[in-house]
Each structure stands twice: as C-alpha cells, then as structure tokens.
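This is what each chain is made of:
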Amino acid sequence: MQHLSAGLQASGRARYVADEPLPPGTLHGALVLSTRAAARVASIDSSKAAAAASGSSAASSSSSVFFFGAADVPGENRWGPFLGDHLFLAVGDRSEAVGLPLGIVVAGSETLARRAALLVEVAYHSDDDDDESGGGNISSAPPLSRASRKKPILTIEDAIAAGSFFEGMDREIEHGEGDIDELFEGYGREEKEAAAAAPAPRGGGGGKVAVVEGSIRIGGQEHFYLEPHSALVLPGEPGTSSELDVLSSTQSPSGTQLDVARAAGLPLHAVVCRATRLGGGFGGKETRAGGVAAAAGIAALLSKRPVRLVLERHVDAAISGGVSSFFLGGSFFLLFVVSRPLDLAPRSRGRQRRTKNSKLFFSLFVETIKQRHPFYVEWKVAAEVVRGKEGEGDEGGEGEGEGKGATTTATQKKENNQSSARILAADLRLFSNAGCSPDLSGPVMERALMHCTNAYGVSSKRLRARGRVARTSSTSNTAFRGFGAPQGMLAFEAAVEQAAAALGVAPEVLRGGSLVRKRFVFSR
C-alpha cells in the first residue's frame, strides 16, 4: 500500500518548514548556546553581534541584527513538560550542560544571523567564583581549569555515586506474595545444597535451581530525523491585538502552542500552531519542538516581523543531547586512529594502549550521542529446571478435537518427559539518564518498568522492579520510539540468557517455559 505522501516525497515536491515562501521582511534566527557544563552564566555581551551588521554587504534594511535573551521574554521563561526547561538562560543561572539556549540572534539573512550568533560573548564562573569567558561558538571557547571547575556528572554511574536523581520520579512495582529478599535467600540455600549433593527432584518433578545476578548498560541513540527542528512564526497585523501564527516541525501542535503562548505571555487563542508533515520525528519532536518555536515566537513578537528559525544539523544535535556534525564525521576517523597499534611502543604495550583508548572513545561516544534514554539495569533472577507435568504449561495449547488435536496431545506428552525451565522470581533496579531536565523521563521510566518482564509470566510468582531517574550534565533526553519499553525488555532478556546458562539449558527452553499463558493473572 502506497503512503499518501510518497509521491510528493519521492519527487521532492513535499514542502517542509524551510520550503515555505517567506513574507517580505522576514528575519532569520540562530540560537546562542552555552559552552560550559556545571558553571554559572556571569555575563552575556551581544554588542559585537549587533556590530556585525555594519560589516554586512547586504542592504541596510536587511542587515539589522537583534539579540533577545532571558530579560526580553515577556511571559514565562520556562517551557516543556513540568516546566522543566529554561527558554533562555539568564545571567546568574546555572548552565547544567553544554548546548542550553542563552538567547536568539535574528538578522536579515541566515548567514548573517549565524555569524552574529558566534560573536555573542558569554562569561561563566564556577562555584568557587573563578571567572572564565568564551564566545558563543560551540567549539571555540576555552575550558574552565580543572581546579576551578565542578566535575560534571556524565554517566549514570556518576549520578549513582553522587546521589543525583530527580525528586518525585522514583517508581516501583511489586507482584506476588511474601518477602522477596527472604525468597531469594531460600532459593540461594537450595542452590548451594543442590551443588553440594546429587541433584534430587523437588516437589515431584523439580530439578536444578539457579540464582543469578548481573547488570547491563544500554546506550542512547540520536533520532536523526530528516528535517531538523524548524519554526516559522508570523506576528499579527500591525495595529491589531498581539497574536502569533506558528508553523512548526512538531509532533505535538497543541503542546507547541502552549509553550509559545506561555513564553509570549499570550492567551492560547492568540497563538495558532500548524504542522504540515514531519521529517521522521520518532518522538524527538514530541516536546523538544516547543523551545525552538517559542524562541522564534519571542523574536517575532518583539521585532514585529516574521521570523524563521531552522537549526543547523550540528546545533540540533547539540541542544537535544547529541553532538556536532564535526564529531559525527570525525568520530570514525578517531576510532580508526586510537584502534591502531602505536609504532613507537612495543607491540604488546601498543595493543594495551589501543584497547584503553578504544574503551575511552566508545564511552564518550555512547554518553554523548543520545536522545533515547540510556539505561543501567541490575538484576537478581531465580529460575529452575522442571520435569514431567510440572513443566507442561497446562494453560497453553487448547488440544481440542480429533485428528490434529490428538497429534498435538501426543506431542505434548512426549515433551512432558523432557526438561523445561521457568523463572521463579525477579528483582530489578532500573536507572535512566534523563539529562539536565525531566522532560518525559518519568513516564519513560514507568513504561520501562511495565514492560521489563517482556512476555514472561514472572509476576504470577514474585516480581519487584524499581526505577530511578538520574540527573546528569547533558542536555535533556526525551521520547523515542518504544518510550522505555525496549530498554526494559532488553535488560530482562540479558537476565534470561544468564539464568539459562546457569541452569545448563538453552535460552529458548527457559523462555518457552516462562511465557505468559491463558488465564494468567498479572497482579494479585
């Protein structure tokens, strides 16, 4: 079946925000982003950006440059779910991560706006008041000295060690009866006794019991949608009441409308938000489009001229938990370099250094490129081998009628004489990396917990799953297709693999014996 817009997209006739005809007098925007993490904004100087217009070869009417920051926001300088994000960081605000917006520069051309944004000078100071300054360019500002800079929290393990979590987002689900810790102690004793003596059938058909503990680290992924975050905002007609017409590459027009209205200090009916199509949003434009549209909306409202803001790919990645296009391209070259043996060192030493460098690179790569929430999951799982009727799973197939049904029954009887396996109990601890703001991290964790046992009927026995949302020094992670469920299921599948190996059975045997069956009760 052909997609409704397939012809338009395949022929290049599909129109996105950047393809819309621009009204006369349209200004183009460029964001000014923070270049420091775990530092406070000491000052913002846009004078050099304003002076950039004098060097422009464009006509004077189109070469004006304006900078709008936190002090210019007429409404509320917060946006996003739970109002967790600053629209623009103000002087004195803490820059929790690199890539947080400090303001927007608008000019008569896109080239001039982007060049002027790099000229905005921002000074930072650390917690012990050692000042450092740097330009608006993401890559050119000098770093704070190690002695004066508070160490950013980059990984989930760092957050666990520092106790850095968002309050009110801890979640826990429990099913089954009895104390799960005492249950695992009993299974542990049984496992030791079975190892010390010849295995004996338990309960008329039971066999080996295994208790395993493990963990898994799941990295994030960048959405890399076809169309970067974009917005075109038109102010109302001169002389009329303030209103804004917003065209946004958003998955949530109503949410974007709310963010723009809140920042502009306008009622909802004064803001109209439209979205023609998405360049493959996958959740990346569910909430994060609101900040881009609100920034353009503020500029349009104050300048009384249309404003178009189309983020460059590296800027889009920087503000959304990703990296610049330079890093994306150069990373593979760096991987090639650090993975090669060093000619100046002995071969064994070079191999060790290569391994160390590769591990460091992959750690930085995984922690930097993300919008899907990275997860760290720990588990304790008890499983057993079962034989005879106990491993039959009598709530499975129906086995009705003659002929084919009789054959199925005979097959089942044959399988009953073979070993099966099942999960007895599971205790999981899930940690997610939210970044520096909550966004949708709470609901993502809830979905991960609800799906963490995949298709296995663990909760009819004993299940405990606890989740915590880590606060780190990276830009905010957000919705991604699957919304936490893939992370939860992947972790449990790793636990199943480990438990099967401990039991000495194939993973599919343990999976098949633990599947949810008819008349299964999910909660008690």
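These numbers come from a predicted model, not from an experiment.

Angle between the axes and distance between the axes are the two parameters that describe a pair of packed helices. Look at helix H6 (residues 253-264) against helix H7 (residues 289-303): their axes get within 8 Å of each other, and the N-to-C directions meet at 40 degrees. In terms of orientation, H6 and H7 fall into the oblique class. Considering only the axes of H6 and H7, their crossing is right-handed. Every residue of H7 that contacts H6 at Thr256, Asp259, Val260, Ala263 and Ala264 is listed here: Ala289, Gly290, Ala293, Ala294, Ile298 and Leu301.

Taken as a whole and judged by the stated rule, the model has four aromatic pairs. Ring plane angle 15 degrees and centroid distance 6.4 Å describe the contact between Phe66 and Phe68, whose orientation is recorded as stacked. Phe66 sits in the partly exposed class, given a relative accessible area of 33%. Here Phe165 and Phe431 contribute two aromatic rings whose centre-to-centre distance is 6.2 Å and whose plane-to-plane angle is 35 degrees, an arrangement assigned as tilted. Remark: Phe431 occurs in strand E17 (residues 420-435) and Phe165 occurs in the loop between helix H4 (156-162) and strand E10 (171-176); sequence separation between them is 266 residues. Per residue, the accessibility class of Phe165 equals that of Phe431, and both read buried. Grouped by ring-pair contacts, the aromatic residues Phe165, Tyr376 and Phe431 constitute a single cluster. A cation sits over an aromatic face here: Lys380 above Phe184, 5.4 Å from the ring centre.

A word on the sheet that holds strand E14 (residues 271-274). Taken in spatial order, the seven strands of this open sheet run E3-E7-E1-E15-E12-E13-E14, and their pairing is mixed. Of all strands in the sheet, those bounded by a partner on one side alone are strand E3 (65-69) and E14. Each adjacent strand pair in this sheet contributes to an overall mean axis angle of 25 degrees, direction not counted. Bridge count between E3 and strand E7 (residues 101-107): five bridges; the pairing is antiparallel. Each residue of the ladder has a partner; that of Phe67, found in E7, is Val105.

On to the pattern of salt bridges, then. By the definition in use, this model includes 23 salt bridges. Measuring nitrogen to oxygen at the nearest pair gives 3.3 Å for the salt bridge that ties Arg217 to Glu157. Placement of Arg217 in strand E11 (residues 206-218) and of Glu157 in helix H4 is noted, with a sequence separation of 60 residues between them. Given a relative accessible area of 31%, Glu157 falls into the partly exposed group. In this structure, the salt-bridge partner of Glu384 is Arg422, at a minimum N-O distance of 2.7 Å. One end of the pair, Glu384, is in strand E16 (residues 375-386); the other, Arg422, is in strand E17, with 38 residues separating them in the sequence. Of the two residues examined, Glu384 and Arg422, each falls in the buried class.

Time to look at unusual backbone geometry. In the Ramachandran plot, Phe224 falls in the positive-phi region, its phi being about 50 degrees despite a non-glycine side chain. Within the fold, Phe224 resides in the loop between E11 and strand E12 (230-235). A positive phi angle, close to 45 degrees, is found at Asp439, a residue other than glycine. Looking at where Asp439 falls in the secondary structure, it is placed in the loop between E17 and helix H12 (441-451).

The next point concerns the side chain of Arg462. Tracing the sequence through the fold places Arg462 in strand E18 (residues 462-471). Of note is the side chain of Arg462, whose polar atom sits 2.8 Å from the side chain of Glu174. Ignoring anything within four residues of it in the chain, the contact list for Arg462 reads Glu174, His175, Gly176, Glu177, Gly178, Ile180, Leu183, Leu424, Ala425 and Ala426.

Before going further, it helps to examine the confidence of the model for the protein chain. Of the residues in the protein chain, 74% reach a pLDDT of 70 or more, and the chain-wide mean stands at 80. For the protein chain, the element scoring lowest by mean pLDDT is helix H9 (residues 325-339), at 40; strand E15 (residues 307-310) scores highest, at 98. Low confidence marks residues 391-408, where pLDDT is under 50. Its contacts with residues over four positions away, or in another chain, come to 16 contacts.

Counting residues in each nonpolar core, the largest one holds 41 residues, and the members touching the most others are Leu428 and Leu510. Listing elements by their share of this core, those giving two or more residues are E11, E16, E17, H12, E18 and helix H13 (485-503). Residue contributions to this core peak at seven residues, all from H13. The contacts of Leu428, once residues within four sequence positions are left out, are Val377, Glu378, Trp379, Leu463, Arg464, Ala465, Arg466 and Phe492. Within the second largest apolar cluster, 38 residues are counted, among which are Val73, Ala261, Ala263 and Leu309.

Here we take up the environment of Arg78. By secondary structure assignment, the location of Arg78 is in strand E4 (residues 78-79). In this structure the C-alpha to C-alpha distance between Arg78 and Asp259, which are 181 residues apart in sequence, comes to 8.3 Å. Setting aside residues up to four positions removed in sequence, Arg78 forms contacts with Leu83, Gly84, Asp85, His86, Leu87 and Arg262. Polar contacts involving the side chain of Arg78 include one to the side chain of His86, which spans 2.8 Å.

Turning our attention to the pairing of E15. Burial along E15 is two-sided: Val307 and Leu309 facing one way and Arg308 and Val310 facing the other are all buried. Pairing geometry for strand E1 (residues 27-33) and E15, over two bridges, is parallel. Note that in E15 the partner of Leu27 across the bridge is Val307. Summarising the sheet, E12 and E15 pair through four bridges and their orientation is antiparallel. From the neighbouring strand, Val233 faces E15, where its bridge partner is Val307.

Our focus in this paragraph is H6. An α-helical turn contains 3.6 residues, so a residue and the one three or four places further along point in the same direction. With 12 residues, H6 extends 16 Å from end C-alpha to end C-alpha; this agrees with the ideal 16 Å at 1.5 Å per step. In the core, the buried residues of H6 are packed alongside E4, strand E13 (244-248), E14 and H7. Downstream of H6 by one or two residues, Gly265 has phi in the positive range, about 70 degrees.

Next up on the list: the environment of Pro24. Note on placement: Pro24 falls in the loop between helix H1 (6-11) and E1. Given the relative accessible area of 80%, Pro24 is considered exposed. Put simply, Pro24 and Arg305 are 281 residues apart on the chain and 8.9 Å apart in space, counted from C-alpha to C-alpha.

About the criteria used
Residues numbered from 1 in each chain as written. Predicted model: local features only at pLDDT ≥ 70, side-chain atom pairs only at ≥ 80, totals over all residues. Heavy atoms only, no water. Axes fitted to C-alpha atoms, helices over the stretch in contact; angles between N-to-C directions. Helix = DSSP H or I, 4+ residues; strand = E, 2+ residues; numbered from the N terminus. Parallel < 35°, antiparallel > 145°, perpendicular 65-115°, else oblique. Left-handed = near helix turned anticlockwise from the far one by under 90°. Contact = heavy atoms within 4.5 Å. Phe/Tyr/Trp six-rings, centres within 6.5 Å; stacked < 30°, edge-to-face > 60°. Buried < 20%, exposed > 50% of the residue type's maximum accessible area, 1.4 Å probe, protein only. Lys NZ or Arg CZ within 6 Å of the ring centre and 35° of its normal. Pairing = 2+ DSSP bridges. Salt bridge = Lys/Arg side-chain N within 4 Å of Asp/Glu carboxyl O. Polar contact = N/O pair within 3.5 Å; in protein donor to acceptor, adjacent residues only side chain to side chain. pLDDT = per-residue confidence, 0-100. Core = buried A, V, L, I, M, F, W, Y, C linked by side-chain atoms within 4.5 Å. Expected span 1.5 Å × (residues − 1).

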